[in-house]
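# Summary of structural features
One-letter residues, chain by chain:
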Amino acid sequence: MLQPIIQGMGRILAYFYSIIPSYGVAIISLTVIVRVLMIPLAIKQAHSMQANRGNQEKMRKLAPEVKKIKEKYKNDRARQYEEQKKLYDKHDVNMLGGLSGCVPMLLQAPIFMAMYAVLQGCDKLLRGTCELGNNIPAGSALHSAILEGRDTFLGLNLNFSPAQVWSDQAFVSVLPYALLVGVMGVTMWFQTKQMMKM
């Protein structure tokens, strides 16, 4: 099911590499394209989260009344549910409010899984088990660069695993990788902060 998406992303990644021969820039370009295409889902998810916050506030205010219903009908679960549903309907509370925010997230998951598969396939090449042609088109400039170990970004060799980078004793050679991870962490924090404001 994901294979056509994975192959498409591999072709797009190879295309970006053919324009600007930097593996990192190709990955960033692919990520930007994917994020732009998923903006409608992200907006829908943000709106659902915002609506859910309002829903939670209403539920918190109705908690004493819900408690009374549970005490009054503690031996009759069906009636308890019925009365609670009436109360929530009267105050316009969605009992399944939290689930509406999950749907856009679930729709995004296959796209990110496909993107991970494309990039992971290149990592497996180091162990000689990757059939790169399934993810990155064979014969493309990117395919050749990965085979020859020329897949770099800002002078960083992207073929190294984290264990290989951190096992290097020279702090100077580890620093650029650590800075890259730090930049990623800051951007993720900023994105999360912006989403919480919506």
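On a predicted model such as this, the values are computed, not experimentally measured, just so you know. (Residues numbered from 1 in each chain as written. Predicted model: local features only at pLDDT ≥ 70, side-chain atom pairs only at ≥ 80, totals over all residues. Heavy atoms only, no water.)

### Side note on the overall build of the protein chain
Counting secondary structure elements, the protein chain contains 9 helices and 2 strands. From first element to last, N terminus to C terminus, the protein chain shows the α and β order α-α-α-α-α-α-α-β-β-α-α. Counting the 198 residues in the protein chain, one finds 30% classified as buried. Here the analysis covers contacts within the protein chain between residues at least 6 apart in sequence; of these, 60% occur between residues at least 24 apart. (Helix = DSSP H or I, 4+ residues; strand = E, 2+ residues; numbered from the N terminus. Buried < 20%, exposed > 50% of the residue type's maximum accessible area, 1.4 Å probe, protein only. Contact = heavy atoms within 4.5 Å.)

### Thoughts on the nonpolar core
Counting residues in hydrophobic clusters, the biggest one holds 20 residues, and the most contacted among them are M9, L13 and L142. Secondary structure elements with two or more residues in this core: helix 1 (3-19), helix 2 (23-37), helix 5 (102-124) and helix 7 (141-148). Per-element tally for this core: the top contributor is helix 1, with 6 residues. With sequence-adjacent residues up to four places away left out, L142 is seen in contact with L13, A14, Y17, Y23 and I136. Counting 7 residues, the second-largest nonpolar core is a separate cluster that includes V66, Y73, L87 and Y88. (Core = buried A, V, L, I, M, F, W, Y, C linked by side-chain atoms within 4.5 Å.)

### Some details on the packing of aromatic side chains
What describes a pair of aromatic rings is the distance from one ring centre to the other and the angle between the planes of the rings. The tally for this structure, following the rule as stated, stands at 1 aromatic pair. Residues Y15 and F16 carry aromatic rings whose centres are separated by 5.9 Å and whose planes lie at 55° to one another, so their mutual orientation is tilted. Under the relative-accessibility criterion, F16 is labelled buried at 18%. (Phe/Tyr/Trp six-rings, centres within 6.5 Å; stacked < 30°, edge-to-face > 60°.)

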